[in-house]
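Examination of the molecular architecture
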Amino acid sequence: MKLIGSYTSPFVRKISILLLEKGIEFEFVNEQPYSAENGVAQYNPLGKVPALVTDEGECWFDSPIIAQYIELLGVAPQMLPADPNAALVVKQIEALADGIMDAALASVREQARPAAQQSETELLRQREKISRSLDMCEQLIRDGKIQNDDVNLATIAIACAIGYLNFRRVSPGWCVERPLLVKLAETLFQRESFAQTEPPKA
């Protein structure tokens with residue numbers, strides 16, 4: 001099995017962690033989706049990471065689809081509840097975390113533009129998305145819908161999103177007044193799977 005991705009992508013990190021937690025062996029193929037010679041396109045016509053190539057040569061792309069495929073392999077530990085409705089709740093939280101990653105990536109790309117071309121309106125819009133989504137995550141923990149010590153698709157996705165915010169210094173004050181979210185992130189960051197997938201220091 002091959003995982004095609006970038007060491008700095010939070011979406012790739014999410015899939016790497018799922019594979020590591022389940023003890024599924026894989027080869028990591030480092031490809032930069034924004035390089036002039038985008039080698040990702042041979043696996044995903046959209047040219048985006050991650051992509052997963054199975055031992056049988058099947059190719060899967062888009063991280064929620066890959067996560068679903070990995071879960072269908074039936075390898076423990078289970079990262080989605082067996083009950084379809086409960087699984088849908090977890091997948092919606094994954095989508096929320098993925099949205100935080102998307103907004104953070106959009107912020108990073110905007111800030112990479114020449115200063116005169118950057119849109120403060122766009123940056124503010126992305127910051128507001130991130131803030132609202134983090135508030136919802138905090139509330140979900142407070143309501144008991146997310147457990148700090150659970151390791152599942154939802155909590156892994158949230159921790160990967162927070163890890164990316166820290167890595168790219170997007171929304172540096174995200175932890176203010178979100179103690180439960182801080183605890184969740186700190187708990188998961190201590191796991192070997194997170195330590196192995198920490199993005200390289202710039």
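Everything numeric in this text was worked out from a predicted model, so none of it was measured.

1. Looking at empty space enclosed by the protein
The final tally for this structure, using the stated rule, is one cavity of 30 Å³ or more. Here the largest cavity defines a volume of roughly 50 Å³. Residue assignment for the lining of the largest cavity shows that the elements contributing at least two residues are α1 (10-22) and α5 (153-168). Examining the composition of the lining of the largest cavity, we find that three residues originate from one element, α5, more than from any other. Split into classes, the residues belonging to the lining of the largest cavity amount to five nonpolar, four polar and one charged.

2. Here we look at the sheet that holds strand β1 (residues 2-5)
Strand order in this open sheet of four strands is β2-β1-β3-β4, and the pairing throughout is mixed. On the outer flanks of this sheet lie β2 (27-30) and β4 (59-61), each paired with one strand and no other. The mean inter-strand angle of the sheet, taken between neighbouring strand axes irrespective of direction, is 20°. Bridging between β1 and strand β3 (residues 51-53) involves three bridges; their strand directions are antiparallel.

3. Details of the layout of surface pockets
Considered as a void within the structure, the largest pocket measures approximately 630 Å³ in volume. In this structure, the largest pocket is lined by 27 residues; those nearest its centre are Ser9, Phe11, Tyr34, Val49 and Leu105. Ranked by the residues each element gives to the lining of the largest pocket, the list is headed by helix α3 (residues 84-112), at six residues. In terms of residue class, the lining of the largest pocket is made up of 13 nonpolar, eight polar and six charged. As a volume, the second largest pocket reaches approximately 300 Å³. Elements with a contribution of two residues or more to the lining of the second largest pocket: α5 and α7 (192-196). Class assignment of the residues belonging to the lining of the second largest pocket gives a composition of six nonpolar, two polar and five charged.

4. Focus: α1
With 13 residues, α1 extends 18 Å from end C-alpha to end C-alpha; this agrees with the ideal 18 Å at 1.5 Å per step. Burial analysis of α1 places twelve of its 13 residues in the buried class, which makes it a mostly covered element. Within α1, burial applies to Pro10, Phe11, Val12, Arg13, Lys14, Ile15, Ser16, Ile17, Leu18, Leu19, Glu21 and Lys22. By the N-cap criterion, in which a side-chain oxygen at the helix start approaches the backbone nitrogen of a residue two or three places on, α1 is capped by Ser9, the distance to Phe11 being 3.3 Å. Once α1 finishes, Gly23 follows within two positions and takes phi at roughly 70°, a positive value.

5. Quick look at the pairing of β1
Relative to β2, β1 runs parallel, the two being bridged by four bridges. By the bridge assignment for β2, Leu3 is matched with Phe28. Tracing the backbone out of β1, into α1 and back to the parallel element β2 gives a crossover that is right-handed.

6. Digging into the pattern of salt bridges
If charged atoms from side chains of opposite charge come close, those side chains can pair. In total, this model carries nine salt bridges according to the counting rule given. In this structure, Asp98 and Lys14 form a salt bridge, with 3.0 Å as the shortest nitrogen-oxygen distance. In this pair, Asp98 sits in helix α3 while Lys14 sits in helix α1, placing the two residues 84 residues apart along the sequence. Its relative accessible area of 8% is what places Asp98 among the buried residues. With a closest N to O distance of 3.3 Å, Glu110 and Arg113 form a salt bridge. Taking the relative accessible area as the measure of exposure, Glu110 reaches 11% and is therefore buried. Salt bridges linked by common partners bring Lys14, Glu94 and Asp98 together as one network.

Calculation rules
Residues numbered from 1 in each chain as written. Predicted model: local features only at pLDDT ≥ 70, side-chain atom pairs only at ≥ 80, totals over all residues. Heavy atoms only, no water. 1 Å grid on protein atoms, 1.4 Å probe; cavity = no way out; pocket = protein on both sides within 12 Å on 5 of 7 lines; lining within 4 Å. Points joined across faces, edges and corners; volume = space filled by probe spheres on them. Helix = DSSP H or I, 4+ residues; strand = E, 2+ residues; numbered from the N terminus. Nonpolar A, V, L, I, M, F, W, Y, C, P; charged D, E, K, R; others polar. Pairing = 2+ DSSP bridges. Axes fitted to C-alpha atoms, helices over the stretch in contact; angles between N-to-C directions. Expected span 1.5 Å × (residues − 1). Buried < 20%, exposed > 50% of the residue type's maximum accessible area, 1.4 Å probe, protein only. Polar contact = N/O pair within 3.5 Å; in protein donor to acceptor, adjacent residues only side chain to side chain. Right-handed = clockwise from strand over helix to strand, strands pointing away. Salt bridge = Lys/Arg side-chain N within 4 Å of Asp/Glu carboxyl O.

No statement about biological role is implied by the geometric values presented.
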